[in-house]
Amino acid sequence: MTIRIAGRLGGITLTVVAVLAALSGPVAATAGPAVAAAVPGAADPAYAPLKIMPLGDSITWGSGSADSRAGNRTGATTASGYRIDLQKRLEAAGLDVDFVGSQQAGPRGSDRDNEGHPGWRIDQIAANVDGWLAAYQPDVILLHLGTNDMAQNRSVGDSAARLSALIDQIRAGRPDADIFVQQLVQGHVEPYRSRIAAYNERIPGILAGKDAKVYLVDQSSIGGLSEFDNLHPNDDGYAKMAYNLYRAMATVYPGGDDWPAGSNPYAATATTLCFRINQTVAGRKTWRAACSRWTRRPTGWQRPGTVTQAYRVHIKAHYTTRKIIGPAKVWVPGRYATGTVKARARTWVKAHYETRRITRIVRVLVQARYETRTRVVTGWLSDDPYVTNAGR
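J.: Any chance you could break down the overall build of the protein chain for me, citing the residues and the numbers?
T.: Regarding its fold elements, the protein chain presents nine helices and 18 strands. Of all 392 residues assigned to the protein chain, the portion counted as buried reaches 40%. Carbon and sulfur atoms make up 52% of the accessible area of the protein chain, which amounts to about 21000 Å² in all.

The structure is reproduced here in structure tokens:
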């Protein structure tokens, strides 16, 4: 007889077919069980997609993502963050995945579901997570949370304790789910950078006390030019988040060693980077998104542009002519002048000096010297546009 057993292992459906031969008389041989590992989305209709819940705040939702597929900027309803890239990688590995959640963001035609809530802290997510878990019953939770706690100057220790309690709460709601806990993306400027780094240091210790189906994903390498503003990644940062999540999941699920590596955004030699540029227009503070092409060069990421360059030149000693305009004393010879008191009366005016405004050309000697001048030149820029404009 044939026995079919379907079960969940790490969120992946496995099929075990055991063939037992019932022989008359003494058993001559026993066939060992044939084990076939499969992934959701196989031809068998019994398989269901792997339900993944991206859980967190605005970074999970996708703020800061220009979403180059649609050309929109942060705050647009088409922002997708890391989700499209991650889904494509998982599907290339043979998985059928379905993002779940009460929120929607992303281009039309994509899987827009997620549980990212811009501006929310850990305690706010915890107050609602039971309902979301019950409604969507995810197999996998991708948790990136705590950025707003740090931005709002909440205690690092207390926030870490709330994260630990939230993980336990998720486990109680979904006993068999895989939970991927991500260390936070860096803060772009202080004090966010230091506070987030301190919070990230607590996370490995928190996970050390959890069960074997809670996994650490290090996203703390994402910062600097990979960030759109104070806290949110740009598309380059989100591509790195997707890559890190994919690699973490490959170490958990059967066959992960054979998953296609895909492109490595950390090894890219050219990319488009977008930044929030703060500015003041007509006395009102506002901002715009600026995107440009960057190239990895020996000195790091750089972009073509123009700069004002100072240079020194040596001026040789030489004569030159100059026009001088100004008051000067001039000699007026004696003369007869027609008076104004008596008609046609002539009066003798003695010779004298008189101050007048005159224009004259003079020849002068210019001494040899060095002179600093400026010019606009094309070159490679290595500045951080957000940091340069953050205080405006």
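From this point, the narrative continues.
J.: Explain the state of the cysteines to me, and be specific about the residues and the numbers.
T.: Scanning the entire structure with this criterion turns up one disulfide. In this model Cys 274 forms its disulfide with Cys 291; the gap between the sulfur atoms is 2.0 Å. In this structure the cystine formed by Cys 274 and Cys 291 twists about its S-S bond by roughly 110 degrees; its chirality is therefore right-handed. Residue Cys 274 is located in strand β11 (residues 270–281), and its partner Cys 291 is located in strand β12 (residues 284–297); the two are separated by 17 residues in the primary sequence. Look at Cys 274 and you get buried, because its relative accessible area is 7%. Look at Cys 291 and you get partly exposed, because its relative accessible area is 32%.

J.: Mind laying out the packing of helix α2 (residues 83–92) against helix α8 (residues 235–250), listing which residues take part and the relevant values?
T.: Remark: α2 packs on α8, axes separated minimally by 8 Å, with the N-to-C direction vectors making an angle of 35 degrees. Two packed elements cross with a definite hand, and for α2 against α8 that hand is right-handed. Together, Asp 85, Leu 86, Arg 89 and Leu 90 of α2 and Ala 239, Ala 242, Tyr 243, Leu 245, Tyr 246 and Met 249 of α8 make up the contact between the two elements.

J.: Would you mind going over the sheet that holds β11 in detail, with residue names and values included?
T.: Pairing is antiparallel across the open sheet formed by four strands, whose spatial order is β11-β12-β13-β18. A strand with exactly one partner marks an edge of an open sheet, and here the two such strands are β11 and β18 (369–381). Averaged over all neighbouring strand pairs, the angle between strand axes comes to 40 degrees, with direction disregarded.

J.: So what's going on with the nonpolar core? Which residues, and what values?
T.: Core analysis: the largest hydrophobic core is formed by 29 residues, its most contacted members being Leu 55, Leu 143, Leu 163, Ile 167, Ile 170 and Val 181. Counting only elements with at least two residues in this core, the list comes to β4 (50–56), α3 (122–126), α4 (129–136), β8 (140–144), α6 (156–173), β9 (178–182) and α7 (192–208). Broken down by element, this core gets its largest block of residues, six residues, from α6. For Leu 55, the contacting residues outside a window of four places in its chain are Thr 60, Glu 115, Ile 125, Val 129, Trp 132, Ile 141, Leu 142, Leu 143, His 144 and Ile 170. Among the nonpolar cores identified, the runner-up in size contains 27 residues, and Ile 52, Ile 59, Val 140 and Ile 222 belong to it.

J.: How would you summarise the pattern of salt bridges if you had to cite specific residues and measurements?
T.: Scanning all chains against the criterion turns up 10 salt bridges. Across the salt bridge formed by Asp 211 and Arg 171, the nearest N and O atoms sit 2.7 Å from each other. With Asp 211 in the loop between α7 and β10 (214–217) and Arg 171 in helix α6, the pair connects residues that are 40 residues apart, well separated along the chain. Asp 211 sits in the partly exposed class, given a relative accessible area of 34%. When its relative accessible area of 15% is taken as the criterion, Arg 171 is described as buried. Between Arg 356 and Glu 354 there is a salt bridge whose closest N-O contact spans 2.7 Å.

Criteria and cut-off values
- Residues numbered from 1 in each chain as written.
- Predicted model: local features only at pLDDT ≥ 70, side-chain atom pairs only at ≥ 80, totals over all residues.
- Heavy atoms only, no water.
- Helix = DSSP H or I, 4+ residues; strand = E, 2+ residues; numbered from the N terminus.
- Buried < 20%, exposed > 50% of the residue type's maximum accessible area, 1.4 Å probe, protein only.
- Areas by Shrake-Rupley, 256 points an atom, 1.4 Å probe, with all protein chains shown as cover.
- Disulfide = S-S within 2.5 Å.
- Axes fitted to C-alpha atoms, helices over the stretch in contact; angles between N-to-C directions.
- Left-handed = near helix turned anticlockwise from the far one by under 90°.
- Contact = heavy atoms within 4.5 Å.
- Pairing = 2+ DSSP bridges.
- Core = buried A, V, L, I, M, F, W, Y, C linked by side-chain atoms within 4.5 Å.
- Salt bridge = Lys/Arg side-chain N within 4 Å of Asp/Glu carboxyl O.

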